[in-house]
Amino acid sequence: MQNNSQLNFIHKSIIGLLNIKTKIKKRLKRLIDKKKIGSFEFRMKINALERMHYAYICYNAAKLAKKLNYDRISVIEYGVAGGRGLLILEEYAEEIKKLLNINIDVYGFDLGTGLPKPKDYRDLPYHWKEGFFNMDEKNLRSKLKHANLIIGNIESTSKDFFLKYNPAPIGAIVHDLDFYSSTKIALSMLKADTKFFLPRVYCYIDDTIGTEIELYNDFTGERLAINEFNSQNENIKLSAPYHLLAQANEIWHHQIWICHFFKHEKYNSFISEPNQQL
């Protein structure tokens, strides 16, 4: 009969072997992505891209746009912080343009000085602190090629965005403002004229899973902002992508939402297979 020390050794050995396999796989995927081995679609298929969730929403938004005869779309990142995500969006936009022959404009919203002070319990002050995720704006702007970096409080910058930039239809959005209060304002921008959106917009909403520390729930944070938006808007709804949840292979599958604009002039435009027969 094996004693506890022997069992612990066996367990640690098995975990160690599994970790080695996982680390090798991760390093191989990083190498494939860094060296750009294979097409963008291939790297996305094998989950080798640095930010698969960004690739997924941008690529599928572009595919939908092409089916609806758009030649240009926009993607937005709310919460830029150090800027790595915005730089990746630029990179993916160029890759997708080459694949699908569609132009993609990139916009990034950020306060520029890190997180503001949480307003109340709904902003999760037990997890977030004022000043987190500060930005080196000058350094980031020097690296950006064409993305529009919009600096300021989202309460102000959201008000004149559509008038000032007249963006191509938005097809993909990254929500990473962390707070309930900020995310609520960002989501309210979905109520602008439907001409500024595709009929279905792919969204990645970051702070909705977490760990035993965050304990994200439906009554605080970004999940509360989503629930309130859905309850207050009859013709625009954020819904889970059940095709992804059925796979449930990656955590980010649970962080994707699709925003449906039911009154959009192209919501009912046929995009499926033209001849479906049993």
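Residues numbered from 1 in each chain as written. Predicted model: local features only at pLDDT ≥ 70, side-chain atom pairs only at ≥ 80, totals over all residues. Heavy atoms only, no water.

1. Some thoughts on the overall build of the protein
Across its full length, the protein carries 9 helices and 7 strands. In terms of C-alpha radius of gyration, the protein reaches 21 Å, essentially the compact-globule figure of 19 Å for 278 residues. By principal-axis analysis of the C-alpha atoms, the protein measures approximately 70 × 55 × 45 Å. The buried share of the protein, reckoned over its 278 residues, is 47%. Entry remark: accessible area of the protein is about 15800 Å², with carbon and sulfur atoms responsible for 52%. The averaged location of the 32 negative side-chain charges in the protein is 6 Å from the averaged location of its 39 positive side-chain charges. (Helix = DSSP H or I, 4+ residues; strand = E, 2+ residues; numbered from the N terminus. Rg over C-alpha atoms; globule rule 2.2 N^0.38 Å. Buried < 20%, exposed > 50% of the residue type's maximum accessible area, 1.4 Å probe, protein only. Areas by Shrake-Rupley, 256 points an atom, 1.4 Å probe, with all protein chains shown as cover. Lys, Arg positive; Asp, Glu negative; His and termini not counted. Charge placed at Lys NZ, Arg CZ, Asp CG, Glu CD.)

2. Section: helix α4 (residues 84-100)
Its 17 residues give α4 an end-to-end C-alpha distance of 24 Å, which sits within 8% of 24 Å, the value for a rise of 1.5 Å per residue. Of all the positions in α4, only Gly85, Leu86, Leu87, Ile88, Leu89, Glu90, Tyr92, Ala93, Glu95, Ile96 and Leu100 are classed as buried. Tucked inside the fold, the buried residues of α4 contact α2 (40-45), α3 (52-67), β1 (72-78), β2 (103-110), α5 (137-143) and β3 (148-151). Backbone geometry just after α4 places Asn101 at a positive phi near 55 degrees. (Expected span 1.5 Å × (residues − 1). Contact = heavy atoms within 4.5 Å.)

3. Section: helix α8 (residues 221-232)
Residue pairs spaced three or four apart in an α-helix point in one direction, given the helix's 3.6 residues per turn. Compared with the 16 Å implied by 1.5 Å per residue over 12 residues, the 17 Å span of α8 between its first and last C-alpha is a close match. All of the buried residues in α8 are Gly221, Glu222, Leu224, Ala225, Ile226, Glu228, Phe229 and Asn230.

4. Some details on the pattern of salt bridges
For the structure shown, the criterion picks out 8 salt bridges. The closest approach of N and O atoms between Arg122 and Asp120, which form a salt bridge, is 2.7 Å. Its relative accessible area of 26% is what places Asp120 among the partly exposed residues. With a closest N to O distance of 2.9 Å, Arg141 and Glu137 form a salt bridge. Here the residue Arg141 and the residue Glu137 both occupy positions in helix α5, the gap between them amounting to 4 residues, near one helical turn. Several salt bridges converge on common partners, so that one network encompasses Asp33, Arg43 and Glu95. (Salt bridge = Lys/Arg side-chain N within 4 Å of Asp/Glu carboxyl O.)

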